[in-house]
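# Residue-level structure breakdown
Chain by chain, the residues:
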Amino acid sequence: MKNFKLVFCLAAITLLTCTKGHAQTSYSCTYRQYCNWNETDKKFDNCTGYEENSLFVMNAAETMFTHTIESMKSTYYVTTKEYDKEHDVYTYDVTSDVGNKYYYVFDPKNKQVRAVYVNKDGKTMEIVFTVKAIF
């Protein structure tokens, strides 16, 4: 019986370490900034921000993610996704649970999550979230 338990444990450990599992990924954030698109300089600037704890959780299949802040939780459904090897970022075209369209960039190297969208006044905006931890 002892040998059976030992063999079973070794087989379980081997199975767990050799199987490539892809789990969900979470980005814990501590700061949010809103930036305006500067058409003349072709860049985002005039940013204003504030401290805010939030959490992004991407499902394992990268088909959706949630963003939770203290007062609400939103779900975003991925329509296209791409890994940009040159900049080492993951990009997603998404639609929110209320129908708004965004372009999200998850940038683990620079510890940022960025979202670009067109506001109700027709202005292109960027939200920059500062990432504290990725797990």
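This one's a predicted model, so the numbers in the text were calculated from it and none came from an experiment.

### Concerning the sheet that holds strand E3 (residues 64–68)
On the basis of which strands lie adjacent, the closed barrel formed by eight strands has the order E1-E2-E3-E4-E5-E6-E7-E8 and antiparallel pairing. Between one strand and the next, the sheet's axes are offset by a mean angle of 35°, whatever the strand orientation.

### With respect to the packing of aromatic side chains
Taken as a whole, this structure holds 17 aromatic pairs when the rule is applied. Between Phe65 and Tyr92 the ring centres are 6.5 Å apart and the planes differ by 65°, which places this aromatic pair in the edge-to-face class. Within this pair, whereas Phe65 is found in strand E3, its partner Tyr92 is found in strand E5 (residues 89–96), the two being separated by 27 residues in sequence. With a relative accessible area of 0%, Phe65 lands in the buried category. A relative accessible area of 4% means that Tyr92 is categorised as buried. Seen from their ring centres, Tyr76 and Tyr102 are 5.6 Å apart, and the 85° between their planes marks the pair as edge-to-face. You can see Tyr76 sitting in strand E4 (residues 73–84) and its partner Tyr102 sitting in strand E6 (residues 101–107), a full 26 residues away along the chain. The exposure classification of Tyr76 matches that of Tyr102, with both residues buried.

### Focus: the nonpolar core
One finds Phe56, Phe65, Val94, Tyr104, Phe106 and Val113 to be the most contacted residues of the largest nonpolar core, which totals 19 residues. With four residues, the single largest contributor to this core is strand E8 (residues 124–134).

### Description of the state of the cysteines
Enumeration over the complete set of coordinates arrives at one disulfide. Residue pairing for Cys35: its cysteine sulfur links by disulfide to Cys47, the two sulfurs lying 2.0 Å apart. On the S-S bond that ties Cys35 to Cys47, the torsion sits near 115°, and the link is right-handed. Of this pair, Cys35 sits in strand E1 (residues 25–38) while Cys47 sits in strand E2 (residues 43–58); the two residues are twelve residues apart in sequence, bridging distant segments of the chain.

Conventions adopted
- Sequence positions are assigned chain by chain, starting from 1 and proceeding in written order.
- Selection of residues for local features in this predicted model requires a pLDDT of at least 70, selection of side-chain atom pairs for listing and counting requires 80 or more, and totals for whole chains, interfaces and linings are taken over all residues.
- Calculated side-chain values reflect all of the structure's heavy atoms, with hydrogen atoms and water omitted.
- A pair of strands is labelled paired if DSSP reports no fewer than 2 bridges between them.
- Runs of E in the DSSP output that reach at least two residues are strands. Runs of H or I that reach at least four are helices, and both are numbered from the N terminus.
- Helix axes use the C-alpha atoms of the stretch in contact, all axes being lines fitted to C-alpha atoms, and the angles between their N-to-C directions lie in the range 0 to 180 degrees.
- What counts as a ring pair is set by centres within 6.5 Å for rings of Phe, Tyr and Trp (its six-membered ring), and what kind of pair is set by the plane angle: stacked under 30 degrees, edge-to-face over 60, tilted for all other angles.
- Each residue is placed in one exposure class: buried if its accessible area under a 1.4 Å probe, protein chains only, is under 20% of its type's maximum, exposed if it is over 50%, and partly exposed if it falls in between.
- To form a nonpolar core, buried Ala, Val, Leu, Ile, Met, Phe, Trp, Tyr and Cys residues must be joined to one another through side-chain atoms within 4.5 Å.
- By convention in this document, the label disulfide applies to cysteine sulfur atom pairs within 2.5 Å.

That is the geometry; function is a separate question.
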